[in-house]
Amino acid sequence: MGLSVIAASLALGVAVQAQAGSGGAPMDCVILLCMGGGFPANPECNAAKAEVVRRITPNPHSEPPLQIWNCPMGASFPPMTGPMPPARVLRAVRQNWSENVPEVAPVMVAAEAAVTETLAFIQSIRVYNVMHYSHAKQGRDEACTESWSMQLGSYRADGHYVWSGLHPSAVPDWTGLTRICNPTSRYRGVAFEWTDYSGHHDTEVVRY
């Protein structure tokens, strides 16, 4: 579904599939608020970040880091025909759940005026899943041979999470992957990046 449709769905409410505990906001609502607010250091956002890391780490398969369709907002607001400001998302969560709501209000309110597309930050999320990478000398002539198996997870403009092919040259340096042949380079891990509501870019790397 498109981002504007997602915003409308949040306001109208959908079936709850991922509950964070009795009386608590669903985990994906918490992830939405915490990631959008830059994962501030508090128990709720620490748990949300840990859940994101769990999801993107193949065990055996990697999951979408943010499953926005699991975050119903109830019927506190009328149907939305345009973007829903982040502060409004926060108010909706607070009105529908009394527990497990992260303290990100200052960040969300400050960002509201600057954000033109509420959930546009979702499209900034990139997951680099490197299942195998090696660059080493092989054979009698010790020729450098590069081999890999990797994919990129991202959200399309219509809001769907998709996997696509990934070449080593497109893997950012901050992941720690190097393409040196001598000494041999080997890499296996998953990394993700995002830009929060305030425009701050952040990253996380998990080697496995």
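Here is what the cut-offs are and how they apply
Residues numbered from 1 in each chain as written. Predicted model: local features only at pLDDT ≥ 70, side-chain atom pairs only at ≥ 80, totals over all residues. Heavy atoms only, no water. Helix = DSSP H or I, 4+ residues; strand = E, 2+ residues; numbered from the N terminus. Pairing = 2+ DSSP bridges. Axes fitted to C-alpha atoms, helices over the stretch in contact; angles between N-to-C directions. Contact = heavy atoms within 4.5 Å. Phe/Tyr/Trp six-rings, centres within 6.5 Å; stacked < 30°, edge-to-face > 60°. Buried < 20%, exposed > 50% of the residue type's maximum accessible area, 1.4 Å probe, protein only. Lys NZ or Arg CZ within 6 Å of the ring centre and 35° of its normal. Expected span 1.5 Å × (residues − 1). Salt bridge = Lys/Arg side-chain N within 4 Å of Asp/Glu carboxyl O.

Draft legend 1. Local environment of unusual backbone geometry. Here asparagine 59 and proline 60 are connected by a cis peptide whose omega angle stands at 0°. Mapped onto the fold, proline 60 is located in the loop between α3 (43-56) and α4 (86-96). In this model, asparagine 182 is joined to proline 183 through a cis peptide bond whose omega is 5°. Looking at where proline 183 falls in the secondary structure, it is placed in the loop between β3 (161-165) and β4 (185-195). Backbone geometry places phenylalanine 39, a non-glycine residue, at a positive phi of 50°. For phenylalanine 39, the location among the structural elements is in the loop between α2 (27-36) and α3. Residue glutamate 142 is not a glycine yet carries a positive backbone phi of 50°. As for its placement among the helices and strands, glutamate 142 is situated in the loop between β1 (126-138) and β2 (143-155).

Draft legend 2. Region of interest: the sheet that holds strand β5 (residues 201-207). The strand order across the open sheet formed by five strands is β3-β2-β1-β4-β5, and the pairing between neighbours is antiparallel. Pairing within the sheet leaves two strands with one partner each, and these edge strands are β3 and β5. Strand-to-strand twist across the sheet, computed as the mean angle between neighbouring axes with direction ignored, equals 20°. In this sheet, β5 lies alongside β4 in antiparallel orientation, the contact comprising seven bridges. Its bridge partner being in β5, glutamate 193 is matched across the sheet by threonine 203. Across the face of the sheet, α3 comes into contact with β1, β4 and β5 while running at roughly 135° to β4.

Draft legend 3. Local environment of the packing of aromatic side chains. Inspection of every chain in the model, using the stated rule, returns five aromatic pairs. A ring pair is formed by tyrosine 128 and tryptophan 174, whose centres lie 5.9 Å apart and whose planes are at 80°; its orientation type is edge-to-face. Placement of tyrosine 128 in strand β1 and of tryptophan 174 in the loop between β3 and β4 is noted, with a sequence separation of 46 residues between them. We classify tyrosine 128 as buried; its relative accessible area is 7%. For the pair phenylalanine 192 and tryptophan 194, a centre-to-centre distance of 4.8 Å together with 15° between the ring planes defines the contact as stacked. Accessibility expressed as a relative area gives 0% for phenylalanine 192, which makes it buried. What links up through ring pairs into an aromatic cluster is the set Phe39, Phe192 and Trp194. Above the ring of tyrosine 187, the side-chain terminus of arginine 207 is found at 3.9 Å from the ring centroid.

Draft legend 4. Highlighting α3. Between its first and last C-alpha atoms α3 spans 20 Å; for 14 residues at 1.5 Å apiece the expected length is 20 Å, and the two agree. Taken as a whole, α3 has its buried residues at Cys45, Ala48, Glu51, Val52, Val53, Arg55 and Ile56. Those residues of α3 that are buried lie in contact with α2, β1, β4 and β5.

Draft legend 5. Molecular detail of the pattern of salt bridges. Overall, the coordinates contain six salt bridges when judged by the stated rule. Close ionic contact of arginine 55 with aspartate 28 constitutes a salt bridge, the shortest N to O distance being 2.7 Å. Of this pair, arginine 55 sits in helix α3 while aspartate 28 is found in helix α2, placing the two residues 27 residues apart along the sequence. The residue glutamate 204 makes a salt bridge to lysine 49 at a minimum N-O spacing of 3.2 Å. In this pair, glutamate 204 sits in strand β5 while lysine 49 sits in helix α3, placing the two residues 155 residues apart along the sequence. Exposure remark for glutamate 204: the relative accessible area of 23% places this residue in the partly exposed category. What you see here is one network of salt bridges that share partners, running through Asp28, Glu51, Arg54, Arg55 and Glu63.

By themselves, these figures tell us nothing about what the structure is for.
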